[in-house]
Amino acid sequence: MITQRPKGTQDILPGESARWQRIERSMREICALGGYREIRTPVFEHTELFQRGVGDTTDVVQKEMYTFTDKGGRSITLKPEGTAGVARAFLEAHLEAEPLPCKMYYVFSPHMRYEKPQAGRWREHHQLGIEVFGAKDASCDAEGIKLAMDQLQACGLTKLRLEINSIGCPACRAEYTERLKAFLSPKLDKLCKTCCDRFERNPMRILDCKDPGDRALVQDAPAPLDCLCGDCREHFEALQRYLTALSIPYTVNPRTVRGLDYYTRTVFEVFLDIEEDFPALTGGGRYDGLLASLDGPDVPGFGFGMGEERLLLALDKMGIVEPESPVYDALIVTLGDEARTYGLVLADALRRRGVRCDIDHAARSMKAQMKYASKTGAEKVIIIAGDELSKGVVKLRDMNTKEELELSREQLIKQLSKE
RNA sequence: GUGGGUGUAGUUCAGCGGUUAGAGCGCCAGGUUGUGGCCCUGGAAAUCGUGGGUUCAAAUCCCAUCACUCACCCCA
């Protein structure tokens with residue numbers, strides 16, 4: 001029990017960390033090219049931030065938060081999503097007083113939600129993503145979506161499906177909610193239980209229900225798209241023009257609504273277009289009212305989060321496996337204490353010249369050390385034992401050709417470090 | 001929170017009422033007294049998830065519990 005990780009968590013083991021680093025490196029490079037700089041925020045925040053920022057009626061806040069009271073009596077919540085914390089940091093540091101837009105990205109940001117784990121869903125997962133404050137034009141949305149697609153493609157994914165939608169501003173939302181309720185109220189008794197609750201609380205989410213009965217009932221329901229005000233309509237049309245200009249294929253899915261309250265206008269999701277059940281790799285959109293709802297200035301925002309675990313899962317699914325590169329360039333095989341001392345110093349000298357190498361720290365037999373070298377994939381083995389010590393040489397063995405050379409210490413260092 | 005499946009060496013699994021619970025892979029050692037991959041030999045390694053019950057007898061049947069897993073809800 002003591003050696004068992006908590007439910008829904010996972011370890012990233014030494015053999016796996018390289019692939020995480022790879023996707024994070026590409027995200028950093030892509031973001032840097034667009035002027036995004038990294039932001040890091042705490043893993044926990046005041047509970048109220050999420051209640052107000054994400055929305056009190058959302059499932060995330062209502063039933064999925066890790067909330068506890070700390071020793072000072074404060075209600076603290078482990079962050080269930082990334083945007084609220086970044087918004088808080090932006091406001092606290094008064095970044096609105098600096099040149100806008102403020103373009104930020106994050107990588108390997110842990111998110112915690114108390115839910116039942118399953119394929120592609122964990123209690124702790126990691127996201128990379130962007131947040132932009134102070135850019136209201138749809139070109140910002142298009143650029144952000146392009147960045148998400150670029151990142152997915154840079155990791156090797158193809159067959160991606162981008163779905164976009166607009167859920168309007170608070171003004172169109174109010175009108176839409178009224179029309180939706182008018183449409184649904186005669187059918188209220190036929191909706192599933194959760195949707196009956198949603199009818200009062202957050203009727204737009206009924207569109208997203210997976211219940212087949214509800215789906216049929218909602219088939220002809222008005223969509224948020226039908227109720228957009230002039231400005232929102234223009235914003236959405238502009239977004240599509242920009243996406244087309246950037247040659248990004250997309251489909252408009254009028255049913256895409258998001259589970260977090262702060263979204264306005266643009267929402268989007270990206271799926272792996274190969275498997276129906278595969279969960280969204282990325283989700284995001286515009287949140288023009290978020291800062292104001294946190295008592296901040298009226299500064300618009302846009303962002304997305306991408307699940308790193310899901311991204312890696314998608315790579316597995318698509319059979320995209322980067323070959324693991326060996327940990328060592330060379331291993332130093334020694335026999336006896338004198339040789340080990342010599343090897344230890346030699347390893348230090350080689351490392352200073354950029355050669356990844358190691359010596360045996362377990363006083364194992366030569367056979368065992370050779371076996372180890374073979375298993376770890378080292379291409380060269382440097383042998384140092386009684387013969388070599390007395391002759392004042394080291395032996396360099398090529399593990400592929402089996403060729404062995406007797407070299408002086410200086411020759412060896414020179415040969416390995418120039419490679 | 002709701003529902004299904006599965007828990008046996010490090011790992012993948014076999015055994016499904018009857019001696020001392022097995023195999024492949026992995027690990028360690030030897031065959032080769034200083035040389036890896038292939039081969040051969042040997043070894044270490046399992047409170048059969050946990051607790052209770054049925055039985056002369058339980059890894060095997062029953063109940064509970066925990067864990068893992070898949071799906072729903074929701075989300076990355």
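Look up: the structure comes first, before these words.
Residues numbered from 1 in each chain as written. Chains lettered and ligands numbered in written order. Predicted model: local features only at pLDDT ≥ 70, side-chain atom pairs only at ≥ 80, totals over all residues. Heavy atoms only, no water.

A. Summary view of the packing of helix α1 (residues 17–33) against helix α5 (residues 138–154). Packing of α1 against α5 brings their axes to within 10 Å, and their N-to-C directions diverge by 145°. Handedness of the crossing formed by α1 with α5: right-handed. Only Leu-147, Asp-150, Gln-151 and Ala-154 of α5 make contact with α1, whose side of the interface consists of Ile-23, Ser-26, Met-27, Ile-30 and Cys-31. Partitioning the contact of α1 with α5 into residue classes produces six nonpolar, two polar and one charged. (Axes fitted to C-alpha atoms, helices over the stretch in contact; angles between N-to-C directions. Helix = DSSP H or I, 4+ residues; strand = E, 2+ residues; numbered from the N terminus. Left-handed = near helix turned anticlockwise from the far one by under 90°. Contact = heavy atoms within 4.5 Å. Nonpolar A, V, L, I, M, F, W, Y, C, P; charged D, E, K, R; others polar.)

B. Examining the environment of Pro-117 more closely. With respect to the helices, strands and loops of the structure, Pro-117 is situated in the loop between β5 (102–112) and β6 (124–133). Residue Pro-117 is classed as partly exposed on the basis of its relative accessible area, which comes to 30%. Expressed as a C-alpha distance, the spacing of Pro-117 and Lys-7, which sit 110 residues apart in the sequence, is 7.7 Å. (Buried < 20%, exposed > 50% of the residue type's maximum accessible area, 1.4 Å probe, protein only.)

C. Molecular detail of the pattern of salt bridges. One pass over the full model with this rule turns up 27 salt bridges. In this structure, Arg-28 engages Glu-38 in a salt bridge whose closest nitrogen and oxygen atoms are separated by 2.8 Å. Placement of the pair is Arg-28 in helix α1 and Glu-38 in strand β1 (residues 37–38), with a sequence separation of 10 residues. Residue class for Arg-28 comes out partly exposed when judged on its relative accessible area of 30%. As a salt-bridge pair, Lys-146 and Asp-150 come within 3.0 Å of each other at their nearest N and O atoms. Of this pair, Lys-146 and Asp-150 both sit in helix α5, four residues apart, roughly one helical turn. (Salt bridge = Lys/Arg side-chain N within 4 Å of Asp/Glu carboxyl O.)

D. How the structure looks around the nonpolar core. Grouped together as the largest cluster of nonpolar side chains are 47 residues, with contacts concentrated most on Ile-130, Ile-145, Leu-157, Leu-162 and Phe-268. Ranked by the residues each element gives to this core, the list is headed by α5, at eight residues. Discounting residues that sit within four places of it in the chain, Ile-145 has contacts with Leu-162, Ile-164, Leu-239, Leu-243, Phe-268 and Phe-302. Grouped together as the second largest cluster of nonpolar side chains are 42 residues, Leu-91, Leu-180, Val-267 and Leu-291 included. (Core = buried A, V, L, I, M, F, W, Y, C linked by side-chain atoms within 4.5 Å.)

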